[in-house]
Amino acid sequence: MDSATSDRAALQATADNGLKIVVVGGFGVGKTTMVRSVSEIRPLNTEETMTRAGEAVDHLDGVQSKTSTTVAFDFGRITLDARSVLYLFGAPGQERFWFLWDRLFSGTLGAVVLVDTRRLADSWYAIDRLEHHGTPFIVACNDFGGPLHTEQQIREALDLSPDVPLVECDARDRSSSKYVLITLVEHLHALSVARSRTAEAALAGSTASPAAAKTPEPTL
């Protein structure tokens, strides 16, 4: 990691608004890499060397060259302004650590589902758990140089709702990872605006003219 990223000043004392985003996805899709590339501080990670003992439980199809893995979570930080800070949590990808996900989702503003288009089926669990929790998310396809798929093919394979944003990225590149996070924030803002308008419309309907709501008295 470059020293400019590692040597940033400490968090300002005025920061009192923490926003939490989680990066989830299958094993070896680049979650740790994304948190590392975009964090303004040296990220906390819990990577351990993979051993022969894990071969029986970790599915290495497509990621045979992977030598380390996250066993708890990754953590990074981005300062938005003097008062607001974005906290990034990268979830572990192996099935044996999925029990940690529900805890990581607690208090989450939204999530990025990072996928490897060579192994789309590995993303099913992440999408299922987010939908179960009602957590808004976007899908980001990390570039591993695999076969190209159209957006429609990916949406159909993941059974994505048309309103879920789908973007391409390179998790190694800071600007690309920032673009993914900006897309998520814009999606969350759009959902918030839509909810507000729905609530306003419902309120307007319930406060319609009382005279119109009265039952007319029978005419004698």
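This structure is a prediction, so every number in the text was calculated from the model and none was measured.

Caption draft 1: Spotlight on the packing of aromatic side chains. Following the criterion strictly, the structure yields 2 aromatic pairs and no others. Consider the rings of Phe75 and Tyr87, whose centres lie 5.7 Å apart with planes at 25°: the pair is stacked. Taken together, the residues span a long stretch of sequence, with Phe75 in strand 4 (residues 74–79) and Tyr87 in strand 5 (residues 84–90) at a distance of 12 residues. Pairwise contacts between aromatic rings join Phe75, Tyr87 and Phe89 into one cluster. Lying over the aromatic face of Phe89, Lys20 brings its terminal NZ or CZ to 5.0 Å of the ring centre.

Caption draft 2: Geometry of the nonpolar core. Ranked by size, the top nonpolar core spans 24 residues in total, and within it Val24, Val113, Phe137, Val139, Leu158 and Leu160 carry the most contacts. At the level of elements, strand 1 (17–25), helix 3 (101–105), strand 6 (110–116), helix 4 (124–133), strand 7 (137–142) and helix 5 (151–158) are the ones that each hand at least two residues to this core. Once you skip the residues sitting within four places of it in the chain, Phe137 turns out to touch Ala111, Val113, Ile127, Leu130, Glu131, Leu160, Val164, Pro165, Leu184 and His187. One finds Ile21, Ile78, Val112 and Leu184 within the second-largest nonpolar core, a separate group that totals 20 residues.

Caption draft 3: Just the pairing of strand 5, in detail. Buried residues dominate strand 5, accounting for 6 of its 7 residues. In this sheet, strand 5 lies alongside strand 1 in parallel orientation, the contact comprising 7 bridges. Bridge pairing in strand 5 links Gly18 to Val85. Here strand 4 runs beside strand 5; their pairing, made up of 6 bridges, is antiparallel. Counted as the bridge partner of Ile78 is Leu86 from strand 5.

Caption draft 4: Layout of unusual backbone geometry. In the Ramachandran plot, Asp159 falls in the positive-phi region, its phi being about 55° despite a non-glycine side chain. By the element assignment, Asp159 lies in the loop between helix 5 and strand 8 (166–169). For Asp159, a relative accessible area of 56% puts it in the exposed group.

Caption draft 5: Local environment of the side chain of Arg155. Examined against the element boundaries, Arg155 turns out to sit in helix 5. Reaching out from Arg155, the side chain makes a polar contact with the backbone oxygen of Val164 at a distance of 2.7 Å.

Caption draft 6: Inspection of the pattern of salt bridges at higher detail. Overall, the coordinates contain 6 salt bridges when judged by the stated rule. Put simply, Glu40 and Arg77 hold a salt bridge, and the shortest N to O gap is 2.9 Å. Taken together, the positions of Glu40 in the loop between helix 2 (31–38) and strand 2 (47–49) and Arg77 in strand 4 put the pair 37 residues apart, joining distant regions of the chain. For the pair Glu40 and Arg77, one class covers both residues: buried. For Glu151, the salt bridge identified is with Arg155, shortest N-O distance 3.0 Å. Residue Glu151 and its partner Arg155 are located together in helix 5, separated by 4 residues, close to a single helical turn. Look at the salt bridges and you will find they share partners, linking Asp116, Arg118, Arg119 and Asp122 into a network.

Criteria and cut-off values
Residues numbered from 1 in each chain as written. Predicted model: local features only at pLDDT ≥ 70, side-chain atom pairs only at ≥ 80, totals over all residues. Heavy atoms only, no water. Phe/Tyr/Trp six-rings, centres within 6.5 Å; stacked < 30°, edge-to-face > 60°. Helix = DSSP H or I, 4+ residues; strand = E, 2+ residues; numbered from the N terminus. Lys NZ or Arg CZ within 6 Å of the ring centre and 35° of its normal. Core = buried A, V, L, I, M, F, W, Y, C linked by side-chain atoms within 4.5 Å. Buried < 20%, exposed > 50% of the residue type's maximum accessible area, 1.4 Å probe, protein only. Contact = heavy atoms within 4.5 Å. Pairing = 2+ DSSP bridges. Polar contact = N/O pair within 3.5 Å; in protein donor to acceptor, adjacent residues only side chain to side chain. Salt bridge = Lys/Arg side-chain N within 4 Å of Asp/Glu carboxyl O.

On their own, these measurements won't tell you what the molecule is for.
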